[in-house]
Each structure stands twice: as structure tokens, then as C-alpha cells.
Amino acid sequence: QVQLVESGGGLVQAGGSLRLSCAVSGRTFSTYPMGWFRQAPGNEREFVAAISGSGGSTYYTDSVKGRFTISRDNAENTVYLQMNSLKPEDTAVYYCAADKLPYRVPTEEISYDYWGQGTQVTVSS
């Protein structure tokens, strides 16, 4: 069974930074494409960023390009989301997700098989 545990959320002022971590159990972590999603109150969960198993390919939603960076450490079974220049509209619960099919990097929620419990990010103005 694959388990994902996020950490690193919190309260930060606009313009600040946070780094989210997602620790993943499972011996085949390096084959899993990984994604970050977020859900703000009253909104549907939306794609934020994704990374291939090797880390060689990354994708971002337009609203975070140039501010957020997704990365992974396969030796530590961990994926990260570095968030800089945070804005109040980035406030949401952030979820990491793993896709058990290795030969793609999906941006749609339905393609991911395993999910973490989420971590709250609040950006004050």
C-alpha cells in the first residue's frame, strides 16, 4: 500500500515562501509521476504542478509558473513544492498525489491513484 504524507504548510504573509514536502512509502517511488493539487474553500480541486519519475519533466499551471518549483529526491522518497512570491489567492489545502503508471505525467486529477491527506497553506495580505 502506498501512503503519502504532506508537511510544510502554514501561515505566511503575501510575498513570502513555503516549501511543502510529501513523503511517500513504497519501493517503486522513483517510477511514480507525482503531482501537487490544491483546493480553496468553495472551489474544486485544481492541478498545480507535476513531475516525472526521473524528475526530468515538470509541468505547472499558468498561475504558478515562475513562482513555484516542483522537485523530487528519489533516494528520500520525497517530492517537494517550493512556493515563492506567495499571493492570497494561493490559499488552499495542498495535496500531493502519485500515479502508478510510469510513462506519463498527468495534469488531471482522475489519473492519480494515491493521495495524501493535505496540508493547509494560508497567505495573508
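Above this text you will find the structure in question.
I will try to describe carefully the structure that is included in this document. Just so we're clear, the structure is a prediction, and the values are computed from it rather than from any experiment.

1. Some remarks on unusual backbone geometry
Glycine aside, a negative phi is what most residues show, and trans is what most peptide bonds show.
For step 1, the next point in the chain: The residue Asn77 is not glycine, and still its phi comes out positive at about 50°.
For step 2, the next point in the chain: Along the chain, Asn77 falls in the loop between β7 (68–73) and β8 (78–83).
For step 3, the next point in the chain: Of note in this structure, Ser85 is not a glycine but carries a positive phi near 50°.
For step 4, the next point in the chain: Topologically, Ser85 is positioned in the loop between β8 and β9 (92–98).

2. Let's talk about the packing of aromatic side chains
Both the distance between ring centres and the angle between the ring planes are used here to describe each pair of aromatic rings.
For step 1, the next point in the chain: Counted under the stated rule, the structure contains 5 aromatic pairs.
For step 2, the next point in the chain: Arranged with centres 5.7 Å apart and planes meeting at 75°, the rings of Phe37 and Phe47 form a pair that is edge-to-face. In this pair, Phe37 sits in strand β4 (residues 34–39) while Phe47 sits in strand β5 (residues 46–51), placing the two residues 10 residues apart along the sequence. Assigned by exposure class, Phe37 and Phe47 land together as buried.
For step 3, the next point in the chain: On the numbers, 5.3 Å between centres and 80° between planes, the contact of Phe37 with Tyr112 is edge-to-face.

3. Focus on the sheet that holds β7
For step 1, the next point in the chain: Ordered by their spatial adjacency, 4 strands build an open sheet running β1-β3-β8-β7, and the pairing between neighbours is antiparallel. The open sheet has two edge strands, β1 (4–7) and β7, and neither has a second partner. Neighbour-to-neighbour, the strand axes of this sheet turn through a mean angle of 15°, independent of strand direction.

4. Brief notes about the pairing of β1
For step 1, the next point in the chain: Burial along β1 is one-sided: the face carrying Leu4 and Glu6 is buried and the face carrying Val5 and Ser7 is not.
For step 2, the next point in the chain: Relative to strand β3 (residues 18–24), β1 runs antiparallel, the two being bridged by 4 bridges. Counted as the bridge partner of Glu6 is Cys22 from β3.

5. Thoughts on the pattern of salt bridges
For step 1, the next point in the chain: Under the criterion given, the structure shown has 6 salt bridges.
For step 2, the next point in the chain: With a closest N to O distance of 2.7 Å, Arg38 and Glu46 form a salt bridge.
For step 3, the next point in the chain: Looking at Arg38, the relative accessible area reads 5%, which means it is buried.
For step 4, the next point in the chain: Of the charged contacts, one joins Arg67 and Asp90 as a salt bridge, the two residues approaching to 2.8 Å between their closest N and O atoms. One end of the pair, Arg67, is in the loop between β6 (58–60) and β7; the other, Asp90, is in the loop between β8 and β9, and 23 residues separate them in sequence. For the residue pair Arg67 and Asp90, the accessibility class agrees, reading buried in each case.
For step 5, the next point in the chain: Taken together, the shared-partner salt bridges connect Arg38, Glu46, Arg67 and Asp90 into one network.

The rules behind these values
- Residues numbered from 1 in each chain as written.
- Predicted model: local features only at pLDDT ≥ 70, side-chain atom pairs only at ≥ 80, totals over all residues.
- Heavy atoms only, no water.
- Helix = DSSP H or I, 4+ residues; strand = E, 2+ residues; numbered from the N terminus.
- Phe/Tyr/Trp six-rings, centres within 6.5 Å; stacked < 30°, edge-to-face > 60°.
- Buried < 20%, exposed > 50% of the residue type's maximum accessible area, 1.4 Å probe, protein only.
- Pairing = 2+ DSSP bridges.
- Axes fitted to C-alpha atoms, helices over the stretch in contact; angles between N-to-C directions.
- Salt bridge = Lys/Arg side-chain N within 4 Å of Asp/Glu carboxyl O.

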